[in-house]
Amino acid sequence: MTEETPGFEEKPDVPSGATPDDAEPKAAPAQGAAPAGDASAQLAGLTAQLDQVRTALGERTADLQRLQAEYQNYRRRVERDRITVREIAIANLLTELLPVLDDIGRAREHGELVGGFKSVAESLETVAAKMGLQQFGKEGEPFDPTIHEALMHSYAPDVTETTCVAILQPGYRIGERTIRPARVAVAEPQPGATPAKAEGTEEAPAADEKDNGPEEG
């Protein structure tokens, strides 16, 4: 057996002609250190990805806003159609009741609206009014072909325009919608009649009228 001499350490063999420094191990290069060019490329790639994400987010946001607008338009259209259908249904119902209302009006004119019949008739008129039914047509108002239907025609010297002189059957409307025109008798100004002068106006003297003042002596 060989004995190790204390106080001495074994050194690696050094080839002939080599310096002692050659025998020391050199430090290995640091692992993971990337060159500056690679870091710039990575940063550019991340920036491009961020731009893509932002673009996609903007597109999805625009899609969501468009869907919300379409949904709101759909809701408004459905509500508008619902109101229109309701108005048409009410108009059809009230149109069927017009002959009954005409009978009530004639009975009132002849003094026959009394007792229990009067109470029922007034209740029916109240319900019709709550549903939006409005009666129109008065004597003396100008004739309007959009809401009046002329059944009788005459001439009168005391009118200056075509005028409703008698209401033969009242008209009815719901809001701005006319469901039956008022049937009336109309009168027109008498042919050749001179329009009445407005109060407080005087005729201007003729242009060729001479002043009949005192003559100078």
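None of the values given here were measured: they were computed from a predicted structure. (Residues numbered from 1 in each chain as written. Predicted model: local features only at pLDDT ≥ 70, side-chain atom pairs only at ≥ 80, totals over all residues. Heavy atoms only, no water.)

### Overview of the overall build of the protein chain
Scanning the protein chain from N- to C-terminus turns up three helices and six strands. Secondary structure elements of the protein chain, listed N to C terminal, follow the sequence α-α-α-β-β-β-β-β-β. Per-residue burial over the protein chain gives 13% buried out of 217 residues. In the protein chain, 65% of the contacts between residues at least 6 apart in sequence involve partners at least 24 apart. As presented, the protein chain carries roughly 18100 Å² of accessible surface, and 54% of it is formed by carbon and sulfur atoms. (Helix = DSSP H or I, 4+ residues; strand = E, 2+ residues; numbered from the N terminus. Buried < 20%, exposed > 50% of the residue type's maximum accessible area, 1.4 Å probe, protein only. Contact = heavy atoms within 4.5 Å. Areas by Shrake-Rupley, 256 points an atom, 1.4 Å probe, with all protein chains shown as cover.)

### Observations concerning the pattern of salt bridges
Tallied over the full model, the rule gives seven salt bridges. Across the pair Glu59 and Arg60 runs a salt bridge whose closest N-O atoms are separated by 3.6 Å. Residue Glu59 is classed as partly exposed on the basis of its relative accessible area of 43%. (Salt bridge = Lys/Arg side-chain N within 4 Å of Asp/Glu carboxyl O.)

### A look at the UniProt feature "coiled-coil region" (unreviewed entry) in the protein chain
Look at the UniProt record and you will see "coiled-coil region" (unreviewed entry) annotated at residues 57-84. Between the first and last C-alpha atoms of residues 57-84 the distance is 40 Å; the span itself is 100% helix and 0% strand. (UniProt positions renumbered as here; feature names shortened; annotations may be inferred.)

### A short note on the packing of aromatic side chains
Under the counting rule described, the total for this entry stands at zero aromatic pairs. Between Arg173 and the ring centre of Phe136, over which it is positioned, the NZ or CZ distance is 4.2 Å. (Phe/Tyr/Trp six-rings, centres within 6.5 Å; stacked < 30°, edge-to-face > 60°. Lys NZ or Arg CZ within 6 Å of the ring centre and 35° of its normal.)

### Here we look at the sheet that holds strand β5 (residues 177-180)
As summarised here, the arrangement of the three strands in space is β1-β4-β5, forming an open sheet in which the pairing is antiparallel. The open sheet has two edge strands with one neighbour each: β1 (133-136) and β5. Between one strand axis and the next, the sheet turns through 35° on average, direction left out of account. Inspection of the sheet shows β1 paired to strand β4 (residues 171-174) by four bridges, in the antiparallel sense. When the bridges of β4 are listed, Leu133 appears paired with Ile174. (Pairing = 2+ DSSP bridges. Axes fitted to C-alpha atoms, helices over the stretch in contact; angles between N-to-C directions.)

### Comments concerning the environment of His110
Inspection of the secondary structure assignment puts His110 in the loop between α2 (36-109) and α3 (115-130). Residue class for His110 comes out exposed when judged on its relative accessible area of 59%. A polar atom in the side chain of His110 sits 2.8 Å from the backbone oxygen of Arg106. (Polar contact = N/O pair within 3.5 Å; in protein donor to acceptor, adjacent residues only side chain to side chain.)

### Points about the pairing of β4
Sheet analysis places β4 next to β5, joined by three bridges and oriented antiparallel. Considered in β5, the bridge of Tyr172 is made with Arg180. Here β4 hands over to β5 after two residues, with Gly175 in that stretch at a positive phi of 65°.

### Some words on the confidence of the model for the protein chain
Summary statistics for the protein chain give a mean pLDDT of 80 and a share of 71% for residues scoring 70 or more. A low-confidence stretch, residues 198-211 (pLDDT under 50), is modelled with one contact involving residues beyond four sequence positions or located in other chains. pLDDT under 50 marks residues 213-217. Its contacts with residues more than four places away, or in other chains, come to zero contacts. (pLDDT = per-residue confidence, 0-100.)

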